[in-house]
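# Examination of the molecular architecture
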Amino acid sequence: MTRPSYSSVGLLFLLIGYTAAGAESDRRPRAVQSRICQEHTNLHNRLDVVEKRVEHTVMKLEGELAALMEAIEAPQWRPLLDTSGKTAVDILEDPAQ
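Computed from a predicted structure; not experimentally measured.

Now for the overall build of the chain. Each helix and strand counted, the chain has three helices and zero strands in total. Secondary structure elements of the chain occur, N-terminal to C-terminal, as α-α-α. Per-residue burial over the chain gives 2% buried out of 97 residues. Only carbon and sulfur atoms are counted for the fraction: they give 63% of the accessible area of the chain, which is about 9,500 Å².

Okay, the pattern of salt bridges next. Counted by the stated rule, this structure contains one salt bridge. Put simply, Arg 35 and Glu 39 hold a salt bridge, and the shortest N to O gap is 2.8 Å. Of this pair, Arg 35 and Glu 39 are both found in helix H2 (residues 30–72), four residues apart, which corresponds to roughly one turn of the helix.

Per-residue confidence for the chain gives a mean pLDDT of 79; residues scoring 70 or more make up 70%. When mean pLDDT is taken per element in the chain, H2 scores highest with 91 and helix H3 (residues 78–81) scores lowest with 68.

On the surface, Val 9, Leu 12, Phe 13 and Ile 16 cluster together into a nonpolar patch covering about 390 Å² of accessible area. Turning to its location among the elements, Phe 13 is positioned in helix H1 (residues 6–21). By relative accessible area, Phe 13 is classed as exposed at 58%.

The rules we used
Each chain carries its own residue numbering, running from 1 in the direction its sequence is written. Local features in a predicted model are, by the rule used here, given only for residues with pLDDT of at least 70; side-chain atom pairs are given and counted only at 80 or more, and totals for whole chains, interfaces and linings are based on all residues. With hydrogens and water excluded, all non-hydrogen atoms of the structure serve as input to the side-chain values. Under the scheme used here, helices are H or I runs from DSSP no shorter than 4 residues and strands are E runs no shorter than 2 residues, and both carry numbers assigned from the N terminus. Under the scheme applied here, a residue whose accessible area is under 20% of the maximum for its type counts as buried, over 50% as exposed, and between as partly exposed, the area being computed with a 1.4 Å probe on protein chains only. Each accessible area is a Shrake-Rupley estimate made with a 1.4 Å probe; only the visible protein chains count as cover when residues are assessed. One speaks of a salt bridge when a side-chain nitrogen belonging to Lys or Arg is within 4 Å of a carboxyl oxygen belonging to Asp or Glu. Per-residue confidence from the prediction method is given by pLDDT, with values spanning 0 to 100. Each patch is built from residues lacking any salt bridge and having more than 30% relative accessible area; the joining distance is 9 Å for like charges and 5 Å for nonpolar side chains (Val, Leu, Ile, Met, Phe, Trp, Tyr).

Here it is as structure tokens:
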């Protein structure tokens, strides 16, 4: 008599385990599975809406930031932003001096 190899025995145990577990390991009724799938789909749809809103808000804020940076860098504000030498207006300076 020949001895079976370890892989044959392992495969046999795997098939026995699969057969004992049944063809479908999820024993929930179809209606419950359908409801869960629908909730999952609804969740993804809501996340898509949130993602679009966030992208729209980021684009709007980027536009506003660009406009503010453009206004700050305008020539009429340049002397106030110049850090070389003394500032044009010193709010901490004593007016009596």
